[in-house]
Amino acid sequence: MLPGRRPPHDSLGTVLGARDPRGLARFYAEVLGWQIHTDDEEWVTIAPPSAHVYLGFQLEPDHVAPVWPAGPEDQQMQMHLDIEVTDLDSAVAAAERLGGVVQEHQPQAESRIITDPAGHPFCLYVAPPAEEV
């Protein structure tokens, strides 16, 4: 480690606000194939079984969903999740079954913008094939 640098932490997480953190956690646990890690009314986390990352969902009673694509006066998307999948059509169908909504505006053919049940946009995409060396 370089002098003056902090040691690495045990985990890294991203947190999404929602009016129903438990419901949103269940949605993403199914989409990602992760497990519920912590669960109470105001704070839920999901994580893969053997990694040091998590998604957290916190209660925000006044949550306002962002608009996709946002106009000048719209609630802006502050961040979004990119989720790589092997079969785009199947992943989109699964997300829709769970309550996700495919958005009309799709800027790329190899990905799909979907909003989760709380209105957060996320992207499902298929990575381009690796070039053979």
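Shown above is the structure to which this text applies.
Residues numbered from 1 in each chain as written. Predicted model: local features only at pLDDT ≥ 70, side-chain atom pairs only at ≥ 80, totals over all residues. Heavy atoms only, no water.

1. Considering the overall build of the protein
Working step 1: Counting its regular elements, the protein contains 2 helices and 8 strands.
Working step 2: Secondary structure elements of the protein occur, N-terminal to C-terminal, as β-α-β-β-β-β-α-β-β-β.
Working step 3: Dimensions along the principal axes, computed over C-alpha positions, put the protein at roughly 50 × 45 × 30 Å.
Working step 4: When the 133 residues of the protein are sorted by exposure, 31% land in the buried category.
Working step 5: Put simply, of all contacts in the protein between residues at least 6 apart along the chain, 48% involve residues at least 24 apart.
Working step 6: Accessible surface, the protein as shown: approximately 9,000 Å² in total, 50% of it carbon and sulfur.
Working step 7: Both charge centroids of the protein, one from 7 positive and one from 21 negative side chains, sit 6 Å from each other. (Helix = DSSP H or I, 4+ residues; strand = E, 2+ residues; numbered from the N terminus. Buried < 20%, exposed > 50% of the residue type's maximum accessible area, 1.4 Å probe, protein only. Contact = heavy atoms within 4.5 Å. Areas by Shrake-Rupley, 256 points an atom, 1.4 Å probe, with all protein chains shown as cover. Lys, Arg positive; Asp, Glu negative; His and termini not counted. Charge placed at Lys NZ, Arg CZ, Asp CG, Glu CD.)

2. Points about the pairing of strand S8 (residues 121–125)
Working step 1: Of all the 5 residues making up S8, 4 are buried; the element is thus mostly covered by neighbouring parts of the structure.
Working step 2: Examined bridge by bridge, strand S5 (residues 81–84) and S8 share 4 bridges and lie parallel to one another. Note that in S8 the partner of Glu84 across the bridge is Tyr125.
Working step 3: Turn length for the strand S7 (residues 111–115)-S8 hairpin, with the two strands adjacent in sequence and antiparallel, is 5 residues, and the turn residue Gly119 shows positive phi of about 95°. (Pairing = 2+ DSSP bridges.)

3. Comments concerning helix H2 (residues 88–97)
Working step 1: What H2 keeps buried is the set Leu88, Ala91, Val92 and Ala95. Projected down its long axis, H2 shows its buried positions confined to an angular sector of 100°, all on one face. Facing away from the buried surface of H2 by more than 90 degrees, the exposed residues are Asp89 and Arg97.
Working step 2: Contact partners of the buried residues in H2: helix H1 (21–32), strand S6 (101–102), S7 and S8.
Working step 3: Between the side-chain oxygen of the N-cap and the backbone nitrogen of Asp89 there are 3.2 Å, and the N-cap of H2 in question is Asp87.
Working step 4: Just beyond H2, the residue with positive phi is Gly99, at close to 115°. (Arc of directions from axis to C-beta. Polar contact = N/O pair within 3.5 Å; in protein donor to acceptor, adjacent residues only side chain to side chain.)

4. So, the pattern of salt bridges
A side chain of one charge can pair with a side chain of the opposite charge when the charged atoms of the two come close.
Working step 1: Applying the stated rule across the entire model yields 1 salt bridge.
Working step 2: In this structure, Asp39 and Arg22 form a salt bridge, with 2.6 Å as the shortest nitrogen-oxygen distance. Of the two residues, Asp39 is situated in strand S2 (residues 35–39) and Arg22 in helix H1; the sequence distance between them amounts to 17 residues.
Working step 3: For Asp39, a relative accessible area of 47% gives the class partly exposed. (Salt bridge = Lys/Arg side-chain N within 4 Å of Asp/Glu carboxyl O.)

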